[in-house]
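Each chain, written out:
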Amino acid sequence: MPPSTVCTAKALYKKTPGLLLLSETHLQWTQDGKKAASLRIPLVELVSLFCSKEGAAQVRLKVGLVKDDGGHNFTFTSAQPVALSERETFKRELTNIIARNRGSSEAPTPKPLTTSTPPTPVNGHPPPIRPSGGVTPAPSRRTAPPLSRAASVLSNGGTPGPSNGLTVEDIKLRKKVLGANSELAALHKELVMSGQITESEFWEGREHLLAAQAAADSQKRGRPGTLVDPRPQAVEGGDIKIVITPQLVHDIFEEFPVVAKAYNENVPKPLSESDFWKRYFQSKLFHAHRASIRSSATQNVVKEDPIFDKYLEKEDNELEPRRQRDEDVEMFIDLGATQEDHDVTGNEKDITMQAGKQKGVLPLIRKFNEHSERLLKSAMGDGQGPAKRRRLDDDASHLQDYYAQIDLEDLHDAQDTTGIILEMQDRQRYFEGGMKGAASEDASKHKLDIKTVLREAKDNLHDWAGSLSQLKLDKKAGDASVIAMTQNVQARLNTRTRKQDIPDHLLRQMTTCQTAANEFLRQFWLAIYPPLSDLQSTNPPTTAQKAAKAAKMAGYLVKTHEKVDALVRAAHAEGIDPSRVEAAMRPLTDAVDKALAFHRARKPVNGK
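Predicted, not measured: the structure shown is a model, and the values here were computed from it.

What follows concerns the pairing of strand β4 (residues 39–42). Here β4 shows one buried face, formed by Leu39 and Ile41, and one open face, formed by Arg40 and Pro42. With four bridges joining them, strand β3 (residues 26–31) and β4 adopt antiparallel strand pairing. Each residue of the ladder has a partner; that of tryptophan 29, found in β4, is leucine 39.

Listed below in structure tokens is the structure:
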């Protein structure tokens, strides 16, 4: 056995026999008859472990990964006693590895999948109890890049990386965007991998896709908003069962600390792990924790339990809650702040506004309130500083704090931008012409004679009724407009109802040609009219660089007509009407012609 090997065993993976091996760095499985490992998992990615219960027909082991809650299942194929011994060896080693991984990460264990066979906790003990401020996403070894990273991807800024100044995070971010968009990935393969455009040119103008992916990666799943209320499941024979997972145990301990106290005091003596949970789900303590008002009625028919009954707490149904708030309520949300000013005026409170009128609902309402408070603290960051949770001071600065609460950023005026510099030909002649036109217009205003203008207006309005009766509208223009609109609607209807008879391979070629040409057009116009982000950048492209890029893209656009002609010839060879291909590609060729005409007519500018 190699020195790095910890343990091995014969096991099935996806119903295929092979060898399961645990080394000092990886957990791997190799199919029988092959030398290379078919599955290789770094130990740092292991976060959870489940085993089949004792006495099961098959000896199974399941491991959960950081980014894969489903994990991988292995079935040991040796004889039953040998398989159990091998499983226990793997279980003991993997338990220590997972404990180290949890210790190096602040996030708790991800929620495992519920299986038909009730899984048991890793080593007979539940997960460690953590404060209510914790969240339940799977831990990640890499921090997602911030939103500003998307902008730096374009300029190849940041620390030098493995490819053209990019960091590893930048490359992974781009791969995720391409993996989620097959059309963009095909375009990247055709243009970038073939060397027609560079990587930075391809992502120019697509920073919003990188920013959206970075934002999605940086988000963390918060705590579930539902109350911890395990629901029994009916099985054959009239029995009921509750599937217990490590995540459920963690949630119960976090929601009800008294259960955690009972567990620590009674497990493993005098109760075992399984006996503890069986008796808990049959006790009055469990029904007192149920999120239903009917649970209190159920307690009268539940048998007494000498262990769990001593942990029962008095029902919280008094006017004042048993658990008082340990922090000040902000003035803007304190409904009782001005209550003393309205003790005489106003209507008398009805039954729905009288606290404690129905004592039976008070414990349930307070349970919901406490659960909501825990969720709020978890989302806002319990124990954080004033950046997360603002606390009002009693000194003279409290007025400023009040104003900060109602000062909403969305109501501020938009900030002025520097704008984009307008590049135009013969700029001086344009302004001189405008000045001459303005001067002539001012001179004409001074020459106007008010009496003459009024006299002409009066003469024009003379006998207006007779002139109006003699007015005849020409129907040709209106008829022509209606006919044109009718023909347009008819053409669209024919296009929708017409059967698509263009072969798939020809249609793919047309789509590829159009997509590539559109990308060249986008790059061309970005060089002519750069986005605002380039102008605000610390290192914007020079005029010479933009002119070189525009000339390069224009060279690609010149070949578009050749590609379209080749598609027309291919359609003719396939027996398809060539005019249909020409009509489909005409908007593209028109856009290309416009860009090329603009490029030829544009006055060359020297870099400044």
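Another point: helix α7 (residues 246–255). The element α7 is largely enclosed, with a buried count of ten among its ten residues. Among the residues of α7, those classed as buried are Pro246, Gln247, Leu248, Val249, His250, Asp251, Ile252, Phe253, Glu254 and Glu255.

Bringing the pairing of strand β1 (residues 5–13) into the picture now. Two elements, β1 and strand β2 (residues 16–23), share eight bridges in a ladder whose sense is antiparallel. Within the sheet, the bridge partner assigned to lysine 10 lies in β2 and is leucine 19. Between β1 and β2, which pair antiparallel and follow one another directly, the connecting turn spans two residues, one of which, lysine 14, has a positive phi of 55°. One ladder, built from two bridges, connects β1 with strand β7 (residues 72–76); its direction is antiparallel. What sits directly across from leucine 12, in β7, is threonine 75.

Reading across from one edge, β4-β3-β2-β1-β7-β6-β5 is the order of the seven strands in this open sheet, with antiparallel pairing throughout. The two strands at the open ends of the sheet, each matched to only one other strand, are β4 and β5 (46–51). Adjacent strand axes in the sheet meet at a mean angle of 30° when their direction is disregarded. Where helix α1 (residues 80–103) meets the sheet, it contacts β1, β2, β3, β5, β6 (59–65) and β7, and its direction lies at approximately 150° from that of β5.

Of all residues in the protein chain, 73% have pLDDT values of 70 or greater, and the mean over the chain is 75. This stretch, residues 106–163, has a pLDDT under 50; its non-local contacts, to residues over four places away or in other chains, come to 139 contacts. For residues 383–396, every residue scores under 50 in pLDDT, and the model assigns this stretch 18 contacts once sequence neighbours within four places are set aside.

To continue, consider the packing of aromatic side chains. All told, the structure shown has 21 aromatic pairs when counted by the stated rule. Where tyrosine 13 meets tryptophan 29, the ring centres are 5.3 Å apart and the plane angle is 55°; that geometry is what we call tilted. Taken together, the positions of tyrosine 13 in strand β1 and tryptophan 29 in strand β3 put the pair 16 residues apart, joining distant regions of the chain. Judged by its relative accessible area of 3%, tryptophan 29 falls in the buried class. A centroid spacing of 6.0 Å and a plane angle of 5° characterise the contact between tryptophan 525 and tyrosine 529, whose relative ring orientation is stacked. With relative accessibility at 27%, the residue tryptophan 525 sits in the partly exposed group. Taken together, Phe253, Tyr263, Phe276, Trp277, Tyr280, Phe281, Phe286 and Phe308 form an aromatic cluster joined through their ring pairs. Over the face of the ring belonging to phenylalanine 202 we find arginine 206, whose NZ or CZ atom lies 4.5 Å from the ring centre.

All right, on to the nonpolar core then. Note on soluble globular proteins: their nonpolar side chains tend to be buried together. One finds Phe202, Phe520, Phe524, Leu557 and Met585 to be the most contacted residues of the largest nonpolar core, which totals 39 residues. Elements with a minimum of two residues in this core: α3 (168–180), α4 (182–191), α5 (199–203), α6 (207–218), α18 (504–528), α20 (543–558), α21 (560–573) and α22 (578–601). Ranked by the residues each element gives to this core, the list is headed by α18, at ten residues. In this structure, this core is formed jointly by two domains, domain 2 (181–218) and domain 4 (504–532 + 541–602), each of which donates at least three residues. Not counting residues up to four positions away in its chain, the partners in contact with phenylalanine 520 are Leu191, Gln196, Ile197, Met553, Tyr556 and Leu557. Leu39, Leu43, Cys51 and Leu65 belong to the second largest nonpolar core, which has 25 residues in total.

Conventions and cut-offs
Residues numbered from 1 in each chain as written. Predicted model: local features only at pLDDT ≥ 70, side-chain atom pairs only at ≥ 80, totals over all residues. Heavy atoms only, no water. Buried < 20%, exposed > 50% of the residue type's maximum accessible area, 1.4 Å probe, protein only. Helix = DSSP H or I, 4+ residues; strand = E, 2+ residues; numbered from the N terminus. Pairing = 2+ DSSP bridges. Axes fitted to C-alpha atoms, helices over the stretch in contact; angles between N-to-C directions. Contact = heavy atoms within 4.5 Å. pLDDT = per-residue confidence, 0-100. Phe/Tyr/Trp six-rings, centres within 6.5 Å; stacked < 30°, edge-to-face > 60°. Lys NZ or Arg CZ within 6 Å of the ring centre and 35° of its normal. Core = buried A, V, L, I, M, F, W, Y, C linked by side-chain atoms within 4.5 Å. Domains from an automatic or database assignment.

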